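What follows is each chain in one-letter form.
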Amino acid sequence: MIKSRLLTNKITIFFLILTSIYFLINITLTIIYINDEKRQDLEILLWHSINESYDYVKKYNDKTDLAFLYDIPHMTSVLEKSGAREILFFFTKDKYKPKNGEIAVSKQLPNGAYFNLKSSDIEVKKHIYETIVKSILQHLTYLIIIGILGIYFIRKLLSPLNHLANQCKNYKSGNQFYTNKKDVGDEIKQIESALNMLIHRFEKLRIKDKELFATATHELKTPLAILKARVEKFQQNKEYKKDAFINDINEDIKRLYLEIQSMLYFNIFDFDEKTDISVTQSIKDAISKVDLLLKNRELEVEIIGDDFILHTRQNLFSKMFMSVFENAIAYAKVKSTIKITLDSKIIKIQNTQGGEINLFSSKLGTKILRKLCSELNFTFDIIKDSTNYEIIM
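Residues numbered from 1 in each chain as written. Predicted model: local features only at pLDDT ≥ 70, side-chain atom pairs only at ≥ 80, totals over all residues. Heavy atoms only, no water.

Brief notes about the overall build of the chain
In step 1: If you tally the helices and strands in the chain, you get nine helices and ten strands.
In step 2: Expressed as a percentage of the 393 residues in the chain, the buried residues total 36%.
In step 3: The contacts in the chain between residues at least 6 apart in sequence include a share of 67% that link residues at least 24 apart.
In step 4: Total accessible area on the chain stands at roughly 25400 Å², and carbon and sulfur atoms take up 56% of it. (Helix = DSSP H or I, 4+ residues; strand = E, 2+ residues; numbered from the N terminus. Buried < 20%, exposed > 50% of the residue type's maximum accessible area, 1.4 Å probe, protein only. Contact = heavy atoms within 4.5 Å. Areas by Shrake-Rupley, 256 points an atom, 1.4 Å probe, with all protein chains shown as cover.)

Pasting the structure below:
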């Protein structure tokens, strides 16, 4: 059996199969009906014939010679025209039970014997066979007509999908998807609308990517240039001690790593769907993930205030909060406490400074937070003094 990959053919074959099932059920019921009707009609005629013949045989009962009955014209001719074949009149002591392929009737005589008349049902079977052949030929004709019309109309109905598929293959930036017909089904209009929405989101994502990487490329030039200058200084200045060089370049690499980490964190959850989240639970989940870092720096975390629910993009929010929180851990003073305050949909993260440069005081970190404002619908402020560093969102 050849398997078709075209949706048009699959739909047509499906309806042809349904039509065939209907035909099989219909012809089965028809055969049962015709068989019962023909047998009943023939049986009624046999009863009529045996009743007419009864007056001839009741006098001598089963001693009567039945040969003369076959010579009565209207007796046999009427039966044969009605489908009776191999007609036989005969007597039996008991009521005759017809065998397979026979139709028989019996009438009891005064002496207790039975006067019987039987016929072969070959003509009934022949009529049923002719009916089946005729029905099959009609069905095949209908199937051919339905198949041709089905393929034509289904292809016509699905042609807008082919048009959309060709547009997908030949898509160029800025194109809009549209159907080639005005009168199309609502389902196809929904596909057209969904494709345009998807392309719009991809275009926005591409623009964001370009902006983000353009910003990252620009901002990363400085730490990379510092690394290069540091190495050149170490090579040219003999007074530049190795230990001092290692410490300095380690700080440069740390800053470069955090810049890159910040860039990657906020670039992968554009299609995160909005949902209701518990802010306190999200914060606790973030704390559990960095428990080892907190222990290594002997830091404590204090959550102040009541929980509230946010309808936002959960993954993006979690990544954003984790990045800000890791920044606070990285630059918090050893053995200090990081305070997280919740107050009427306001989140404050405050840490005591350890003297290092903070990620979100950099241009890249600040730009990323600004981009997230529209995505997560929040505002932020960075507050810094001589001892504390705080982000309010």
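Alright, that's what it looks like, and here's the rest.
Some thoughts on the pattern of salt bridges
One side chain can pair with another of opposite charge once the charged atoms of both are near each other.
In step 1: Summed over the entire model, instances satisfying the criterion amount to four salt bridges.
In step 2: For Lys 118, the salt bridge is made with Glu 102, and the minimal N-O distance between the two is 3.2 Å. With a gap of 16 residues between them, Lys 118 in strand S3 (residues 114-120) and Glu 102 in strand S2 (residues 102-108) connect regions that are remote in the sequence.
In step 3: Note on Glu 102: relative accessible area 15%, which makes it buried.
In step 4: Via salt bridges that share partners, Arg 39, Asp 121 and Lys 125 belong to a single interconnected network. (Salt bridge = Lys/Arg side-chain N within 4 Å of Asp/Glu carboxyl O.)

A look at the nonpolar core
In step 1: In this structure, Phe 321, Phe 325, Ile 338, Ile 347, Ile 349 and Met 393 are the most contacted members of the largest nonpolar core, which totals 30 residues.
In step 2: Elements with a contribution of two residues or more to this core: helix H6 (279-289), helix H8 (314-331), strand S7 (337-342), strand S8 (347-352) and strand S10 (388-392).
In step 3: If we ignore the near neighbours within four places in the chain, the residues touching Met 393 are Met 320, Lys 345, Ile 346, Ile 347, Ile 349, Phe 378, Thr 379 and Phe 380.
In step 4: Judged by nonpolar contacts, the second largest core, of 18 residues, contains Tyr 54, Leu 79, Ile 103 and Val 105. (Core = buried A, V, L, I, M, F, W, Y, C linked by side-chain atoms within 4.5 Å.)

Examining the side chain of Ser 135
In step 1: Locating Ser 135 in the fold gives a position in helix H3 (residues 122-169).
In step 2: Judged by its relative accessible area of 18%, Ser 135 falls in the buried class.
In step 3: The contact partners of Ser 135, leaving out residues within four places of it in the chain, are Phe 23 and Ile 27.

Re the packing of aromatic side chains
In step 1: One pass over the structure, following the stated rule, counts six aromatic pairs.
In step 2: Taken together, a centroid distance of 5.5 Å and an interplanar angle of 35 degrees make the contact between Phe 91 and Phe 115 tilted. Of this pair, Phe 91 sits in strand S1 (residues 85-92) while Phe 115 sits in strand S3, placing them 24 residues apart in sequence.
In step 3: Looking at Phe 115, the relative accessible area reads 0%, which means it is buried.
In step 4: Following the ring pairs from residue to residue traces out a cluster consisting of Phe 89, Phe 91 and Phe 115.
In step 5: It is Lys 107 that lies over the ring of Tyr 54; its NZ or CZ is 5.2 Å from the centre. (Phe/Tyr/Trp six-rings, centres within 6.5 Å; stacked < 30°, edge-to-face > 60°. Lys NZ or Arg CZ within 6 Å of the ring centre and 35° of its normal.)

A look at the sheet that holds S2
In step 1: With antiparallel pairing, three strands are arranged side by side in an open sheet as S1-S3-S2. The open sheet has two free edges, formed respectively by S1 and S2, since each of these has just one partner strand. With direction set aside, neighbouring strand axes in the sheet form an average angle of 15 degrees.
In step 2: Those strands touched by helix H1 (residues 7-57) are S1, S2 and S3, and its axis lies near 35 degrees from that of S2. (Pairing = 2+ DSSP bridges. Axes fitted to C-alpha atoms, helices over the stretch in contact; angles between N-to-C directions.)

Quick word on the packing of H1 against H3
In step 1: Look at H1 against H3: their axes get within 9 Å of each other, and the N-to-C directions meet at 160 degrees. Considering their axes alone, H1 and H3 lie roughly antiparallel with respect to each other. Once H1 is placed against H3, the crossing between them reads as right-handed.
In step 2: Of the residues belonging to the contact of H1 with H3, the class tally is 16 nonpolar, twelve polar and three charged. (Parallel < 35°, antiparallel > 145°, perpendicular 65-115°, else oblique. Left-handed = near helix turned anticlockwise from the far one by under 90°. Nonpolar A, V, L, I, M, F, W, Y, C, P; charged D, E, K, R; others polar.)

Topic: the sheet that holds S7
In step 1: Ordered in space as S5-S7-S8-S10-S9, the five strands form an open sheet in which the pairing is mixed. If you trace the sheet from one side to the other, it starts and ends with strand S5 (300-305) and strand S9 (381-384), each paired once. Across this sheet, the average inter-strand angle for adjacent strands is 15 degrees, counted without regard to direction.
In step 2: Packed onto the sheet, H8 meets S5, S7, S8 and S10 and runs at close to 20 degrees relative to S8.

Notes on unusual backbone geometry
In step 1: Backbone geometry at Glu 86 places phi at a positive 55 degrees, although glycine is not the residue there.
In step 2: Residue position: Glu 86 is located in strand S1.
In step 3: Given a relative accessible area of 63%, Glu 86 falls into the exposed group.
In step 4: Phi at Lys 335 is positive, roughly 65 degrees, even though this residue is not glycine.
In step 5: Considering the arrangement of structural elements, one finds Lys 335 in the loop between H8 and S7.

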